[in-house]
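# Coordinate inspection notes
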Amino acid sequence: MPQKYSYEILRDMFSVYMQLERGYSDLSREAYLRDVDRLAVWLSEAGRSVYDLKTDDFTVFLADLCDLGISPRSQARMISGIRSFYRYMVVEGLIDCNPMDLVDRPDYGAHLPETLSVDEVVAMIKAADVSDPLGLRNRAIMEVLYGSGLRVSELCNLETRRVYLNEEMLVVVGKGNKERMVPMSINAVAAVRAYLPERDSMDVKPGEEGILFLNRRGHRLTRVMVFYIVRDLAEAAGVSKTISPHTLRHSFATHLLEGGANLRAIQQMLGHESIATTEIYLHLDTSHLREAIMAHHPRNKRNKSES
């Protein structure tokens, strides 16, 4: 059985290998180590080590990077560094196969996230087993992510005191520590109400008393945990697309646009500084826009009445 070292020792071994065997510059070596460190922290949040990485896990890790705004070019660099790390582990006999062998480099071109249909979102929500306390929580998570278009970090840090169920509103702290108020759907309000008795009966850990969504041990959820919740519900619902919590945010915005919502209103709900970000993020459906123009442009209306 291959020997297992602590991550700190393994990291030092890899650093020496890059310096002596590969002849990497100090800058390249430091960049590779930062990339591997980032993956190690991500795995640690899920209670795992670098020895446990599977190809599917790395796909989720990349989706997390997309959520954080890491560009495809930066992702490609990180893949190179992490692939080199696992290649080293194989050479040293620390693991049997390289989980990075089947990972492709991301395209440098414009990346548009997957969009779920309304039926697919509903199927995922229904896949949560509400007879189980964690199922109640997971359904509420899905309803809030999709119903309010939250970032996964905003969901993880959402406080109970900032969820106004009677008013069907919630307040989140977004990028730059800026607060914004976001409407809740009727279904999200109902799902949170159903979850709250279970949440209130938990043994909540010190410092987490104000957090809405908790794991079974009474700690707030990590981004990684939410990724796995969403992925598992997609699998249970038979949704074959590669998705993440970001997919629900994107679908929320796209469905609002298709329903006729004002782009400025969507910008405010998403918490985007610039309307240009919203336009790129929404990946506008040109056929839908053409229908909207034909239906609402005054010249088209006039021509229709004359005919």
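Higher on the page you've got the structure.
All figures in this text were calculated on a predicted structure; none of them were measured in a lab.

## Notes on the overall build of the chain
Along its length, the chain carries 14 helices and three strands. Taking all 307 residues of the chain together, 43% fall into the buried category. Considering only contacts in the chain between residues 6 or more positions apart, those separated by 24 or more positions represent 58%. Within the structure as shown, the chain displays about 16300 Å² of accessible surface, and the carbon and sulfur contribution to it stands at 51%.

## Digging into the sheet that holds strand β1 (residues 163-164)
Reading across from one edge, β1-β2-β3 is the order of the three strands in this open sheet, with antiparallel pairing throughout. The sheet is open, and its two edges are formed by β1 and β3 (179-183), each paired on a single side. Sheet analysis places β1 next to strand β2 (residues 169-173), joined by two bridges and oriented antiparallel. Within β2, the residue paired with Val163 across the bridge is Leu170.

## Observations regarding the layout of surface pockets
The space that makes up the second largest pocket amounts to roughly 310 Å³. Arg137, Met225, Tyr228, Ile229 and Asp232 are the residues nearest the centre of the second largest pocket, which is lined by 18 residues in total. Breaking the lining of the second largest pocket down by element, the ones donating at least two residues are α6 (133-148) and α9 (223-236). Considering each element in turn, the lining of the second largest pocket owes the most residues, six residues, to α9. The class makeup of the residues in the lining of the second largest pocket is ten nonpolar, two polar and six charged.

## Observations concerning the side chain of Glu208
Tracing the chain through its elements places Glu208 in the loop between α8 (186-200) and α9. Discounting residues that sit within four places of it in the chain, Glu208 has contacts with Arg199, Leu214, Gly218, His219 and Arg220.

## Structural notes on unusual backbone geometry
If you check the backbone angles, Glu168 has positive phi at about 55° while not being a glycine. Tracing the chain through its elements places Glu168 in the loop between β1 and β2. Among the residues examined, Glu168 registers a relative accessible area of 33% and is labelled partly exposed.

## Remarks on the pairing of β3
Burial along β3 is one-sided: the face carrying Arg180 and Val182 is buried and the face carrying Glu179, Met181 and Pro183 is not. Connecting β2 to the next strand, β3, in antiparallel fashion are five residues, including Gly176 with a positive phi near 70°.

## Some thoughts on the packing of helix α1 (residues 7-20) against helix α2 (residues 26-45)
Interaxial distance between α1 and α2 falls to 10 Å at its minimum, and their mutual angle equals 155°. Between α1 and α2, the interaxial angle falls into the category roughly antiparallel. The interaxial crossing formed by α1 with α2 has right-handed handedness. Along its contact with α1, which presents Tyr7, Arg11, Phe14, Ser15, Met18 and Gln19, the element α2 presents Arg29, Tyr32, Leu33, Val36, Asp37 and Ala40.

## Side note on the environment of Glu209
By secondary structure assignment, the location of Glu209 is in the loop between α8 and α9. With a relative accessible area of 48%, Glu209 lands in the partly exposed category. For the pair Glu209 and His219, spaced ten residues apart in sequence, the C-alpha to C-alpha distance is 9.0 Å. Those residues in contact with Glu209 that lie beyond four places of it in its chain are Arg199 and Val204.

## Some points on the environment of Leu136
In this fold, Leu136 is placed in helix α6. Once the C-alpha coordinates of Leu136 and Arg193 are considered, the two residues, 57 residues apart in sequence, prove to be 9.8 Å apart. Leave out the neighbours within four places in its chain, and Leu136 touches Asp129, Val130, Ala194, Tyr195 and Glu198.

## Description of the pattern of salt bridges
One pass over the full model with this rule turns up 13 salt bridges. Among the salt bridges present, the one from Asp37 reaches Arg11, with a minimum N-O distance of 2.8 Å. One end of the pair, Asp37, is in helix α2; the other, Arg11, is in helix α1, with 26 residues separating them in the sequence. Asp37 gets classed as partly exposed once you look at its relative accessible area, which sits at 22%.

## Here we look at α2
Taking 1.5 Å as the rise per residue, α2 with 20 residues should run 28 Å; its terminal C-alpha atoms sit 29 Å apart, in good agreement. Within the sequence span of α2, burial applies to Arg29, Ala31, Tyr32, Leu33, Asp35, Val36, Leu39, Ala40, Trp42 and Leu43. Of the residues one or two after α2, Gly47 is the one with positive phi, at around 75°.

## Re the packing of aromatic side chains
Applying the stated rule across the entire model yields nine aromatic pairs. Judged by centre distance (5.4 Å) and plane angle (70°), the ring pair of Trp42 and Phe61 falls under edge-to-face. Taken together, the positions of Trp42 in helix α2 and Phe61 in helix α3 (residues 55-67) put the pair 19 residues apart, joining distant regions of the chain. What makes Trp42 buried here is its relative accessible area of 4%. Relative to Phe213, the ring of Tyr195 lies with its centre 5.5 Å away and its plane at 25°, an arrangement referred to as stacked. Of the two residues, Tyr195 is situated in helix α8 and Phe213 in the loop between α8 and α9; the sequence distance between them amounts to 18 residues. Looking at Tyr195, the relative accessible area reads 2%, which means it is buried.

Basis of the calculations
- Residues numbered from 1 in each chain as written.
- Predicted model: local features only at pLDDT ≥ 70, side-chain atom pairs only at ≥ 80, totals over all residues.
- Heavy atoms only, no water.
- Helix = DSSP H or I, 4+ residues; strand = E, 2+ residues; numbered from the N terminus.
- Buried < 20%, exposed > 50% of the residue type's maximum accessible area, 1.4 Å probe, protein only.
- Contact = heavy atoms within 4.5 Å.
- Areas by Shrake-Rupley, 256 points an atom, 1.4 Å probe, with all protein chains shown as cover.
- Pairing = 2+ DSSP bridges.
- 1 Å grid on protein atoms, 1.4 Å probe; cavity = no way out; pocket = protein on both sides within 12 Å on 5 of 7 lines; lining within 4 Å.
- Points joined across faces, edges and corners; volume = space filled by probe spheres on them.
- Nonpolar A, V, L, I, M, F, W, Y, C, P; charged D, E, K, R; others polar.
- Axes fitted to C-alpha atoms, helices over the stretch in contact; angles between N-to-C directions.
- Parallel < 35°, antiparallel > 145°, perpendicular 65-115°, else oblique.
- Left-handed = near helix turned anticlockwise from the far one by under 90°.
- Salt bridge = Lys/Arg side-chain N within 4 Å of Asp/Glu carboxyl O.
- Expected span 1.5 Å × (residues − 1).
- Phe/Tyr/Trp six-rings, centres within 6.5 Å; stacked < 30°, edge-to-face > 60°.

Function-wise, these values are silent; they only describe arrangement.
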